Amino acid sequence: MDNHNCPICDKELKAYERYPNYVCKECSSRAVSKTGRKLIFSNIDFSGGYIAYYEDTKEKYNSHLCFIDGVECIADEARFGGIVIQVKKIKSKIANM
Ligand SMILES: [Zn+2]
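A few points on the structure. (Residues numbered from 1 in each chain as written. Predicted model: local features only at pLDDT ≥ 70, side-chain atom pairs only at ≥ 80, totals over all residues.)

Some thoughts on the overall build of the protein
Across its full length, the protein carries one helix and seven strands. Compactness check: the protein gives a C-alpha radius of gyration of 13 Å against a globular reference of 13 Å for 97 residues, within 12% of the reference. Residues classed as buried in the protein amount to 16% of the 97 residues present. In the protein, of all internal contacts separated by at least 6 residues, the share reaching a separation of at least 24 is 39%. (Helix = DSSP H or I, 4+ residues; strand = E, 2+ residues; numbered from the N terminus. Rg over C-alpha atoms; globule rule 2.2 N^0.38 Å. Buried ≥ 20, exposed ≤ 12 C-beta atoms within 10 Å, placed from the backbone. Contact = placed C-beta atoms within 7 Å.)

This is how it looks when you write it as structure tokens:
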């Protein structure tokens, strides 16, 4: 089995071939908009779908783009249910302390 580490906090996670750059639940919960507002992601209903909104005002957020610790990420509906957030671009390993 291949291992996967969260690209944000380096925590060990289960590897999914479909989501090579996905981040862990804890990091996903820190996702914010470009302006630094906390975002909530969820499925539209039991059949899935993707919806995002601002945590403070519950206003709809019409984008898949989010930031976790300043790293650009993309949130989307997960095939296995729920929401998956993946980093857009893997950080250089050199910067990985
Ligand atoms: Zn993490």
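Brief notes about the pairing of strand β7 (residues 83–87)
Alignment of strand β6 (residues 71–77) against β7, held across five bridges, turns out to be antiparallel. What sits directly across from Asp76, in β7, is Val84. Count of turn residues in the β6/β7 antiparallel hairpin: five residues, of which Gly81 carries a positive phi of about 95°. (Pairing = 2+ DSSP bridges.)

Brief notes about the nonpolar core
Membership of the largest hydrophobic core comes to 14 residues, with the highest contact counts inside it found for Val23, Ala31, Cys66, Ile68, Cys73, Ala75 and Ile85. Secondary structure elements with two or more residues in this core: β3 (39–42), β5 (65–68), β6 and β7. In this structure Cys73 touches Val23, Ala31, Cys66, Phe67, Ile68, Ile85, Gln86, Val87 and Lys88, once residues within four positions along its chain are discounted. (Core = buried A, V, L, I, M, F, W, Y, C linked by C-beta atoms within 7 Å.)

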